Amino acid sequence: MTDELLLEQAAKGSEQSFQILYERYRDPIFRFAYRMLGSVETAEDVAHDCFLSLIKEPTRFDSNRASFRTYIYAAARNLTAKRYNRFGRETGLDELADEPHASDREGPAARILDDELTVEVQRAIASLPALQREAIVLFEYEELSLAEIANIVGVDANTVKARLFRAREKLRVRLDRYFRIGRETATLKRA
């Protein structure tokens, strides 16, 4: 069943349809807000407020303008921007649910290095300007297309591409020492 049909049914009072939409989008919206704001508590508030506004005004969605996925991310983006502007970016890197690492099979030393790199990547992403961070999070983590991101943020796809390019360049520079160390180690092993 499509998101749009589920929302239509939810607008008519179907709690089950709303629950399905909630289950589909709660975690992605939370992750997006978390990566933008750096706070589990604030991300939970954004996700909650996003769905609360959907319950209150389901008719605000117009399927002629965007897909539901684009609409819900745009709503989350607006709520995130309001929180960011009102309270300033929180700097804490709260833990997300641990995802299994390939290094779990390689032993504790590999796991420690993986965790260190994960923290550094999180810090590097958090240090990006908001528009670049938003583009990286939506494209790389939430796996949205350039067209979807462009619809969400209200710019053309080329602007999104430019933001992604600048963000990747800044990440490359900030994380270069981690990848340089990896290249040096590989070179030493070959020698």
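Residues numbered from 1 in each chain as written. Predicted model: local features only at pLDDT ≥ 70, side-chain atom pairs only at ≥ 80, totals over all residues. Heavy atoms only, no water.

Engineer: How would you summarise helix α7 (residues 146-153) if you had to cite specific residues and measurements?
Structural biologist: All of the buried residues along α7 are E148, I149, A150, I152 and V153. Residue G154 follows α7 closely and has a positive phi angle near 75 degrees. (Buried < 20%, exposed > 50% of the residue type's maximum accessible area, 1.4 Å probe, protein only. Helix = DSSP H or I, 4+ residues; strand = E, 2+ residues; numbered from the N terminus.)

Engineer: Go over the packing of aromatic side chains, please, and point to the residues and values.
Structural biologist: Evaluated as defined, the whole model comprises 8 aromatic pairs. The interplanar angle of 20 degrees and the centroid separation of 6.3 Å between the aromatic rings of F30 and Y34 together place this pair among those described as stacked. Of the two residues, F30 and Y34 are both situated in helix α2 (residues 15-37); the distance of 4 residues between them amounts to about one turn of the helix. Take F30: its relative accessible area is 11%, and that puts it in the buried class. (Phe/Tyr/Trp six-rings, centres within 6.5 Å; stacked < 30°, edge-to-face > 60°.)

Engineer: Requested: an account of the side chain of R77, with residues and values cited.
Structural biologist: Positionally, R77 belongs in helix α4 (residues 68-87). If sequence neighbours within four positions are ignored, R77 has contacts with F32, L131, E134, I152 and V153. (Contact = heavy atoms within 4.5 Å.)

Engineer: Summarise the confidence of the model for the chain; cite the residues concerned and give the values.
Structural biologist: Of the residues in the chain, 77% have a pLDDT of 70 or more, and the chain-wide mean is 81. By mean pLDDT, helix α5 (residues 108-127) is the weakest element of the chain at 73, and α7 is the strongest at 94. Ignoring residues within four places in sequence, the model shows residues 89-105, a span with pLDDT below 50, making 35 contacts including any to other chains. Counting contacts from residues 182-191, a segment whose pLDDT is below 50, to residues more than four positions away or on other chains yields 1 contact. (pLDDT = per-residue confidence, 0-100.)

Engineer: Explain the packing of α2 against helix α3 (residues 40-56) to me, and be specific about the residues and the numbers.
Structural biologist: How two helices sit against one another is set out by the angle between their axes and by the gap between those axes. Where α2 meets α3, the closest approach of the two axes is 8 Å, and the angle between their N-to-C directions is 140 degrees. Here α2 is positioned oblique relative to α3, judged by the angle of their axes. In the packing of α2 onto α3, the handedness of the crossing is right-handed. Contact with α2, carried on its side by F18, L21, Y22, Y25, R26, I29, F30, A33, Y34 and L37, involves V40, T42, A43, E44, V46, A47, F51, L54 and I55 of α3 and no other residues of that element. Of the residues that constitute the contact of α2 with α3, the class distribution is 16 nonpolar, 1 polar and 2 charged. (Axes fitted to C-alpha atoms, helices over the stretch in contact; angles between N-to-C directions. Parallel < 35°, antiparallel > 145°, perpendicular 65-115°, else oblique. Left-handed = near helix turned anticlockwise from the far one by under 90°. Nonpolar A, V, L, I, M, F, W, Y, C, P; charged D, E, K, R; others polar.)

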